[in-house]
Amino acid sequence: MDLKTSHNSPLFVDPLTSLALPSAVMPYTTPTSFPSSGLYLNTPKKKPLPSKIEEVRAAGWLDLMLASSPPRKRLSKDFFPSDVQSDDLDLRYRNWMVNYPSALTSFESITELANGKRLALFLDYDGTLSPIVDNPANAVMSDEMRAAVRHVASLFPTAIISGRSRDKVFDFVKLTELYYAGSHGMDIMGPVRKSESSGHHVECVTSTDSEGKEVNLFQPASEFLPMIAEVFENLSESIKDIEGARMEDNKFCVSVHYRNVAPHDYEKVHQRVTAVLKDYPFLRLTHGRKVLEVRPVIDWNKGKAVEFLLESLGLSESEDVLPIYVGDDKTDEDAFKVLKANNRGFGILVSSVPKDSDASYSLRDPAEVMEFLRTLAAWKEESS
Ligand SMILES: O=P(O)(O)OC[C@H]1O[C@H](O[C@H]2O[C@H](CO)[C@@H](O)[C@H](O)[C@H]2O)[C@H](O)[C@@H](O)[C@@H]1O
């Protein structure tokens, strides 16, 4: 794939202007390791920013790191130190729900929207289908959740869109009847396209899945693989002495987990990561739930992955399609935004604390997600 010239490739985005969050990608050097020699479209600017601005940015990151990821337990009087705090949080949550009503209690209005339409379901994995746990390797999905997902997938086209590598998320979910997008949508295994496309996604490779079914493989960041492997090594080396810090290889992106790091070391984690990234202007840093994520600077995200999958399924042009996306994380907001545009569909934010979001509905936790999936399946079966 020639990222320099192909108008069909996801365009590079300027790392200094593309992020909603403060950028850590400071363009100090011309990249020597980037595989495409003449990548001059929106190339990063050469001059470092004045140090004051860098300091402000670093402070912004630190605030985000400290605030990242709400408590994993349901809000309860046992968890919070005082009744007053707990009541206050409960009240704030209830107020917040005026704008983000529960997808369970508002199920009737959802079915009104869905009536006569073909539903397509997009599900995030961590924090949505599996609870947040300390060790990412242990984020298994329960058998009950698997059964609920299998059931909806037998009724509606269903895809998992995760920040994890596609293989890893498949190992957790283990359902062959779904479509999978790993690495925040940068690694999609989907159906062979049914509709004539608008010309966006011509760079698919036709392949076969584990069951011999013909599938399309779309990997818009494949040229970054060697760079990602290199930065993984460098980051691993640079954080190895920070207690609790953990690396995760997600194929087209890299996660630096700090969930088990003492808060007084968060700044150290951030500093080490940004120091390494100074040599990689074609990589950028985003922030998830107690995780810093390093990914290629390409204009591709979970929202684009949803559009890609809808198109592949032949569902992008029809008025009678209602896509629903369920997710808990900042990266899911790109998908919420895409669905919100033109009232195409809607997002459901999984959160036990108030958060700004482009989603239309909310669910508290994966247990409520499972209940929602079951309710959706029962409604579909009753109504058909
Ligand atoms: O898009 P997702 O499927 O939500 O993946 C986003 C990241 O999820 C994982 O990290 C999060 O869950 C872990 C397990 O519960 C938790 O320990 C961690 O603190 C969370 O950030 C995954 O490990 C990351 O690689 C994904 O990018």
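A brief look at the structure comes next. The model shown is predicted, which means the values in this text are computed figures rather than measured ones. (Residues numbered from 1 in each chain as written. Predicted model: local features only at pLDDT ≥ 70, side-chain atom pairs only at ≥ 80, totals over all residues. Heavy atoms only, no water.)

### Examining the site of the ligand
So, step 1. The local shell around the ligand holds 21 residues, among which Val133, Glu248, Arg259, Arg289 and Glu293 are the closest.
So, step 2. Here an oxygen atom of the ligand and a side-chain polar atom of Asp124 are 2.7 Å apart.
So, step 3. Between Lys302 and the ligand, the recorded distance is 2.6 Å, taken from a side-chain N or O atom to an oxygen atom.
So, step 4. Expressed as a share of its isolated accessible area of 570 Å², the protein-covered part of the ligand is 99%.
So, step 5. Mapped onto the shell around the ligand, the elements with two or more residues apiece are β8 (254–257) and β10 (291–296).
So, step 6. Tallied by class, residues from the shell around the ligand come to 7 nonpolar, 5 polar and 9 charged. (Near = heavy atom within 4 Å. Polar contact = N/O pair within 3.5 Å; in protein donor to acceptor, adjacent residues only side chain to side chain. Areas by Shrake-Rupley, 256 points an atom, 1.4 Å probe, with all protein chains shown as cover. Helix = DSSP H or I, 4+ residues; strand = E, 2+ residues; numbered from the N terminus. Nonpolar A, V, L, I, M, F, W, Y, C, P; charged D, E, K, R; others polar.)

### A word on the sheet that holds strand β6 (residues 214–218)
So, step 1. The strand order across the open sheet built from 9 strands is β5-β6-β4-β3-β2-β1-β11-β12-β13, with neighbouring strands paired in mixed fashion. Each edge of the open sheet carries a strand with a single partner, namely β5 (205–208) and β13 (361–363). Within this sheet the neighbouring strands show an average axis-to-axis angle of 25 degrees, counted without direction.
So, step 2. The strands touched by helix α3 (residues 107–114) within the sheet are β1 (118–123), β11 (321–327), β12 (346–350) and β13, with β13 carrying the most contacts at an inclination of about 130 degrees.
So, step 3. Contacting β2 (158–161), β3 (179–182), β4 (187–191) and β6, helix α5 (residues 166–173) runs over the sheet at an angle of about 135 degrees to β3. (Pairing = 2+ DSSP bridges. Axes fitted to C-alpha atoms, helices over the stretch in contact; angles between N-to-C directions. Contact = heavy atoms within 4.5 Å.)

### Description of the pairing of β3
So, step 1. Residues Tyr179 and Ala181 of β3 are buried on one face, and the alternating residues Tyr180 and Gly182, pointing to the opposite face, are buried as well.
So, step 2. Sheet analysis places β2 next to β3, joined by 3 bridges and oriented parallel. Residue pairing in the sheet places Ala159 in a bridge with Tyr179 of β3.
So, step 3. Viewed along the sheet, the connection from β2 through α5 into β3 turns out right-handed.
So, step 4. Taken together, the 3 bridges between β3 and β4 define a ladder with antiparallel strand orientation. Counted as the bridge partner of Gly182 is Asp187 from β4.
So, step 5. Here β3 hands over to β4 after 4 residues, with Ser183 in that stretch at a positive phi of 50 degrees. (Buried < 20%, exposed > 50% of the residue type's maximum accessible area, 1.4 Å probe, protein only. Right-handed = clockwise from strand over helix to strand, strands pointing away.)

### Considering the environment of Leu89
So, step 1. Topologically, Leu89 is positioned in helix α2 (residues 83–99).
So, step 2. By relative accessible area, which is 13% here, Leu89 ends up buried.
So, step 3. In sequence terms Leu89 and Thr331 are 242 residues apart; their C-alpha atoms lie 24 Å from each other.

### What about the side chain of Asp332?
So, step 1. Turning to its location among the elements, Asp332 is positioned in the loop between β11 and α9 (333–340).
So, step 2. Polar contacts involving the side chain of Asp332 include one to the side chain of Lys302, which spans 2.8 Å.
So, step 3. Of note is the side chain of Asp332, whose polar atom sits 2.6 Å from the side chain of Tyr325.
So, step 4. With residues up to four places along the chain from it excluded, the contact list for Asp332 reads Asp124, Lys302, Tyr325 and Gly327.

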